[in-house]
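What the coordinates show
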Amino acid sequence: MNQQPTSRHWLAAAAPKAAPAIATSTVLILARIWNANGAEHSVGDAALMTALSLGAAVAGALASVGRAGDGVIAGTAFATSGALALAGVAGYADGLSLPLLLWALSTAVTYGLAARHWRTDRREATAHNRHIGERREEHAHVERVEALRAGAQIEVAREGAAYATALAQAITARSALPGFNAAQLTRAGLPELPASK
């Protein structure tokens, strides 16, 4: 019925916490590879990355002010815009200091945004676990009450059957004695005995 909770592997628990750093590091590494392959001081490549970054930012703004204001699409679009801007600067820049500074800044911002979602998820998980615990306690209480009630009914029935057996044995023993009058028992309030043949 109730499944035992299983603990997650430590790597599965740590992966979401490492994802922002892995993502920004991947963008930085790819941009530096792009830089080494000829993107440095290439106006065409810089214009392409600027256009892509602005396009992603506009898509994020449209998604956030749309009908329903879908936060996931807007967040994805803004993250893509930031990644493209970081890649453009890292690919175009001469040295490594500006790309590393932008990498550190984007990683910090990503962790700041992710922390808010992690807190919300943790609150929801805690509330869910609390609700499940309360329901389990309530069901366990109902089961205990019903078990007590059923046990009491069984005990009453057992005692009633023992009393009826003892009464029948007493009446049978009494009827063998001389001067037994079944009508007298009925007048005394005992149930009417079946007529003896």
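Conventions we followed
Residues numbered from 1 in each chain as written. Predicted model: local features only at pLDDT ≥ 70, side-chain atom pairs only at ≥ 80, totals over all residues. Heavy atoms only, no water. pLDDT = per-residue confidence, 0-100. Helix = DSSP H or I, 4+ residues; strand = E, 2+ residues; numbered from the N terminus. Core = buried A, V, L, I, M, F, W, Y, C linked by side-chain atoms within 4.5 Å. Buried < 20%, exposed > 50% of the residue type's maximum accessible area, 1.4 Å probe, protein only. Contact = heavy atoms within 4.5 Å. Salt bridge = Lys/Arg side-chain N within 4 Å of Asp/Glu carboxyl O. 1 Å grid on protein atoms, 1.4 Å probe; cavity = no way out; pocket = protein on both sides within 12 Å on 5 of 7 lines; lining within 4 Å. Points joined across faces, edges and corners; volume = space filled by probe spheres on them. Nonpolar A, V, L, I, M, F, W, Y, C, P; charged D, E, K, R; others polar. Axes fitted to C-alpha atoms, helices over the stretch in contact; angles between N-to-C directions. Parallel < 35°, antiparallel > 145°, perpendicular 65-115°, else oblique. Left-handed = near helix turned anticlockwise from the far one by under 90°. Patch = residues over 30% accessible without salt bridge, like charges linked within 9 Å, V, L, I, M, F, W, Y side chains within 5 Å. Areas by Shrake-Rupley, 256 points an atom, 1.4 Å probe, with all protein chains shown as cover. Lys, Arg positive; Asp, Glu negative; His and termini not counted. Charge placed at Lys NZ, Arg CZ, Asp CG, Glu CD. Polar contact = N/O pair within 3.5 Å; in protein donor to acceptor, adjacent residues only side chain to side chain. Expected span 1.5 Å × (residues − 1).

**Re the confidence of the model for the protein chain**
Per-residue confidence for the protein chain gives a mean pLDDT of 80, with 88% of residues at or over 70. Highest mean pLDDT in the protein chain belongs to helix 4 (residues 97-175) (88); lowest belongs to helix 5 (residues 182-187) (74).

**Quick notes on the nonpolar core**
Within the largest apolar cluster, 7 residues are counted, these being L28, A31, M49, A56, L84, A87 and A90. Looking at this core, the elements with two or more residues in it are helix 1 (10-39), helix 2 (43-64) and helix 3 (71-92). Considering each element in turn, this core owes the most residues, 3 residues, to helix 3. Those residues in contact with A90 that sit more than four places away from it in its chain are L28, A31, R32, N35 and P99.

**So, the pattern of salt bridges**
For the coordinates displayed, the defined rule picks out 2 salt bridges. Between E146 and R149 there is a salt bridge whose closest N-O contact spans 2.7 Å. Here E146 and its partner R149 are both found in helix 4, 3 residues apart, which amounts to about one turn of the helix. The exposure class of E146 is partly exposed, given its relative accessible area of 40%. For R149, a relative accessible area of 44% puts it in the partly exposed group.

**So, the side chain of N35**
The topology assignment puts N35 in helix 1. If we skip the residues at most four places from it in the chain, N35 touches E40, A90, G91, Y92 and A93.

**Digging into the layout of surface pockets**
The gaps of empty space that remain are located by a probe, the size of a water molecule, rolled over the atoms. Its volume calculated, the largest pocket comes out at about 750 Å³. Lining the largest pocket are 23 residues, with G75, F78, A79, T110 and L113 positioned closest to its centre. Mapped by element, the contributors of at least two residues to the lining of the largest pocket are helix 1, helix 3 and helix 4. The residue makeup of the lining of the largest pocket, split by class, is 15 nonpolar, 7 polar and 1 charged.

**Remarks on the environment of I22**
In this structure, I22 sits in helix 1. For I22, a relative accessible area of 52% translates into the label exposed. Separated by 85 residues in sequence, I22 and T107 place their C-alpha atoms 9.1 Å apart.

**Structural notes on the packing of helix 1 against helix 4**
In contact at an axis separation of 9 Å, helix 1 and helix 4 are set at 155° when each is read in the N-to-C sense. Considering their axes alone, helix 1 and helix 4 lie roughly antiparallel with respect to each other. The two elements helix 1 and helix 4 meet at a crossing, and its hand is right-handed. Note on element contacts: helix 4 touches helix 1 through P99, L100, W103, S106, T107, T110, Y111, A114 and W118, opposite P16, K17, A18, P20, A21, T24, S25, L28 and R32.

**Some details on a positive patch on the surface**
Residues K17, R116, R119, R122 and R123 make up a contiguous surface patch of positive charge. Here the element with the most residues in the positive patch is helix 4; it accounts for 4 residues. The exposure class assigned to R123 is exposed, which follows from its relative accessible area of 56%.

**Overview of the side chain of T107**
Tracing the sequence through the fold places T107 in helix 4. Judged by relative accessible area, which is 9%, T107 ranks as buried. Looking at T107, its side chain comes within polar contact range of the side chain of T24, at 2.7 Å. If near-sequence neighbours (up to four positions away) are discounted, T107 is found in contact with A21 and T24.

**Examining helix 4**
Counted at 1.5 Å a residue, the expected span for helix 4 with its 79 residues is 117 Å, and the 114 Å between its end C-alpha atoms agrees. Buried within helix 4 are the following residues: P99, T107, A114 and I171.

**Some thoughts on a nonpolar patch on the surface**
Nonpolar side chains collect at one region of the surface, where I29, L30 and I33 lie side by side and expose about 290 Å² of accessible area between them. Assessed through its relative accessible area of 44%, I33 is described here as partly exposed.

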